[in-house]
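Architecture at a glance
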Amino acid sequence: MVMKSPKPNRGHFVLSCFIFIFFLCVLASINEVRFEGLLRFGRCALSNNSLAANSSFSKEEDTRILIAVLTLPDQYLRRHFLRLVYGTQTPEDAKVDVKFVFCNLTKEDQKVMVALEIMRYNDIIILNCTENMNKGKTSTFFRSLPEIFNETNGPYPPYHYVMKADDDTYVRLNSLVKSLKPLPREDLYYGFVIPCGSMDPFKHYMSGMGVLVSWDIVEWIHGSDIPKKHVEGPEDKVFGDWMRWGRKGKNRYNAKWSMYNYPDPVSVCSHELWPDTIAVHLLKNQEKWIRTLKYFNHTDPLKPSKLYHIP
């Protein structure tokens, strides 16, 4: 007897296909939900990371400081050295810009060399004046700042503080920032009181080694007739006269003896190098610079590498 194959049950087959298709649809729906969730999570994470990145680049509460080093056009090597000194410091919770300031260029080589510096570093301010020490360069500098830095779309003030420093002064940026944190951001006159024996910043004036003021004083200098009419004389004394005659700088901070001249038997206003230092002045030669940088372990952050070995 020949056995016949059973006829396929089409109903069961259709039902199985329907169940299989339904299962695939459910699975796809679940995966779509998960995928959209992952996308939303990714967008959220990206947004948060972008916010964190933006906040790390610009914090409104961070202190903004301009350090203007008054120098001469021909001091190329000094500027390059100071770029190394300030460029290898990393101030915390502050934006510190260092600019080099001098008057109009007068020689053909200056026009080429300084133009190259500006193209490479963009850290030079050329004032519309004839180069001088005690005949108005400081006045021209401060009166020019609002026109240079006040921008409609930029932060205001562009800098909370402006420091005018000599090119033989070593400013320790983190120490400067730390000393400024508890101080007002308005009507501030800060520095090393001279004469050396004085500790009274209201009776005397600040040394030109590194005098700092808040931005509102910069704007007052820009608009007041007092600095315009009194420009000649020792720059630090003249600046002190402006503060006294204009009744400015009601908030005064004497940074002595964290600011001082390099220790030298013939130097006044000096003492030995010590850790609690904001600025050292009268670094007139390489030997003094090297001793000062070594004392403060300036090169300690140098990372090890196979490219060099420095004992």
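Please refer to the structure higher up on the page.
Structure report, in brief. (Residues numbered from 1 in each chain as written. Predicted model: local features only at pLDDT ≥ 70, side-chain atom pairs only at ≥ 80, totals over all residues. Heavy atoms only, no water.)

1. Some thoughts on the sheet that holds strand S10 (residues 251-254)
- Spatial ordering of the open sheet is given by S3-S2-S1-S4-S9-S6-S10, a layout of 7 strands whose pairing is mixed. If you trace the sheet from one side to the other, it starts and ends with strand S3 (124-126) and S10, each paired once. The sheet shows a mean angle of 20° between the axes of neighbouring strands, direction not considered.
- Examined bridge by bridge, strand S2 (residues 94-102) and S3 share 3 bridges and lie parallel to one another. From the neighbouring strand, Phe-100 faces S3, where its bridge partner is Ile-124.
- This element, helix H3 (residues 108-121), spans S2 and S3 of the sheet and lies at about 135° to S3. (Pairing = 2+ DSSP bridges. Helix = DSSP H or I, 4+ residues; strand = E, 2+ residues; numbered from the N terminus. Axes fitted to C-alpha atoms, helices over the stretch in contact; angles between N-to-C directions. Contact = heavy atoms within 4.5 Å.)

2. Side note on the sheet that holds strand S11 (residues 259-261)
- If you trace the 3 strands from one edge of the open sheet to the other, you get S5-S12-S11, paired in mixed fashion. Strands at the two margins of the open sheet, each flanked by one partner only, are strand S5 (170-171) and S11.
- The pairing of S5 with strand S12 (residues 279-281) spans 2 bridges and is antiparallel. In the strand pairing of S12, Val-171 is matched with Ala-279.

3. Some words on the packing of aromatic side chains
- In this structure the tally under the stated criterion is 12 aromatic pairs.
- Measuring from ring centre to ring centre gives 5.3 Å for Phe-149 and Tyr-159, while their planes differ by 85°; the resulting arrangement is edge-to-face. Within this pair, whereas Phe-149 is found in helix H4 (residues 137-149), its partner Tyr-159 is found in the loop between H4 and strand S4 (161-166), the two being separated by 10 residues in sequence. Each member of the pair Phe-149 and Tyr-159 is classed as buried.
- With a centroid separation of 5.2 Å and an interplanar angle of 45°, the aromatic rings of Phe-239 and Trp-242 are classed as tilted. Note that Phe-239 and Trp-242 are positioned in helix H8 (residues 235-245) at a spacing of 3 residues, about one turn of the helix. With respect to class, Phe-239 is no different from Trp-242; both count as buried.
- Members of the aromatic cluster, joined through ring pairs, are Phe-81, Tyr-170, Trp-289, Tyr-295 and Phe-296.
- Across from the ring centre of Phe-192, 4.7 Å away, lies the NZ or CZ of Lys-256, which sits over that ring. (Phe/Tyr/Trp six-rings, centres within 6.5 Å; stacked < 30°, edge-to-face > 60°. Buried < 20%, exposed > 50% of the residue type's maximum accessible area, 1.4 Å probe, protein only. Lys NZ or Arg CZ within 6 Å of the ring centre and 35° of its normal.)

4. A look at H3
- If you check H3, its first and last C-alpha atoms are 20 Å apart, about what 14 residues at 1.5 Å a residue would give, namely 20 Å.
- By the burial criterion, the buried members of H3 are Gln-110, Val-114 and Glu-117. For H3, the buried positions fall inside an angular range of 50° around the axis, keeping them on one side. Facing away from the buried side of H3 by over 90 degrees, the exposed positions are Glu-108, Val-112, Met-119 and Arg-120.
- Those residues of H3 that are buried lie in contact with helix H2 (76-87), S2 and S3.
- Where H3 ends, the next residue or the one after it, Asn-122, has phi of about 50°, a positive value. (Expected span 1.5 Å × (residues − 1). Arc of directions from axis to C-beta.)

5. Section: the packing of H2 against H3
- Relative to each other, H2 and H3 sit at 10°, their axes nearing to 12 Å. The angle between H2 and H3 places the two elements in the roughly parallel class. For the pair formed by H2 and H3, the contact residues are Tyr-76, Arg-79, His-80 and Arg-83 on the first element and Asp-109, Gln-110, Met-113, Val-114, Glu-117 and Tyr-121 on the second.
- Considering only residue class, the contact of H2 with H3 consists of 4 nonpolar, 2 polar and 4 charged. (Parallel < 35°, antiparallel > 145°, perpendicular 65-115°, else oblique. Nonpolar A, V, L, I, M, F, W, Y, C, P; charged D, E, K, R; others polar.)

6. What about a nonpolar patch on the surface?
- Judged by side-chain polarity, Val-112, Met-113, Leu-116 and Met-119 come together as a nonpolar surface patch covering roughly 420 Å² of accessible area.
- Position of Met-119 relative to the elements: it lies in helix H3.
- Its relative accessible area of 69% is what places Met-119 among the exposed residues. (Patch = residues over 30% accessible without salt bridge, like charges linked within 9 Å, V, L, I, M, F, W, Y side chains within 5 Å. Areas by Shrake-Rupley, 256 points an atom, 1.4 Å probe, with all protein chains shown as cover. Salt bridge = Lys/Arg side-chain N within 4 Å of Asp/Glu carboxyl O.)

7. A look at the environment of Thr-140
- In this fold, Thr-140 is placed in helix H4.
- Overall, the relative accessible area of 16% leaves Thr-140 in the buried class.

These results come straight from atomic positions and should not be treated as a statement about function.
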